[in-house]
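If you want the building blocks of each chain, they are given just below.
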Amino acid sequence: MEELTTIINDDQKAVFVAVDEDDQVLGYAFTQLQEQPFSTNMVQFKSLFIDDLCIDSTQRSQGVGRALLDYVKAEAKRLGYYEVTLNVWEGNDSAINFYKKNGLKVKETNMEFIL
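Parameters and conventions
Residues numbered from 1 in each chain as written. Predicted model: local features only at pLDDT ≥ 70, side-chain atom pairs only at ≥ 80, totals over all residues. Heavy atoms only, no water. Pairing = 2+ DSSP bridges. Helix = DSSP H or I, 4+ residues; strand = E, 2+ residues; numbered from the N terminus. Right-handed = clockwise from strand over helix to strand, strands pointing away. Polar contact = N/O pair within 3.5 Å; in protein donor to acceptor, adjacent residues only side chain to side chain. Contact = heavy atoms within 4.5 Å.

The protein chain has the name Acetyltransferase in an unreviewed UniProt entry, where Lactobacillus delbrueckii subsp. bulgaricus is given as its organism.

## Side note on the pairing of strand β4 (residues 45–55)
As defined by bridge partners, strand β3 (residues 25–36) adjoins β4 across 10 bridges and the pair is classed as antiparallel. By the bridge assignment for β4, G27 is matched with I55. Both β4 and strand β5 (residues 83–86) contribute to a ladder of 4 bridges, which runs parallel. When the sheet's bridge partners are listed, I50 is paired in β5 with L86. In this region the chain leaves β4, passes through helix α1 (residues 64–78) and returns to the parallel neighbour β5; the handedness of that crossover is right-handed.

## A word on the side chain of Q59
Within the secondary structure, Q59 is located in the loop between β4 and α1. A distance of 3.4 Å separates polar atoms of two side chains, one belonging to Q59 and the other to T58. Setting aside residues up to four positions removed in sequence, Q59 forms contacts with L26 and V64.

Okay, here's the thing in structure tokens:
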């Protein structure tokens, strides 16, 4: 991996990418600002939500995902965000294990009943 960079950076959304020495994309993270909480009786804080984090299948388990996630966390901290959040599907054990190994913890659980 050659470089980690922000390619789109506006007040509400940012896209971070990891590229190799030939500028081939190895992975990306699409993010968006979320103002928390949605209640008026709690203290407001900024959260950086990772909407999509994807690593090229040929680059998995080679440190690209960890480096990209670390970069996103560092940028969020630099910008004064309180937290970084994301959603992961139940049953996607490899992703769950990756995120836990990289310091993320379960914040809440959504449940459903299919009709």
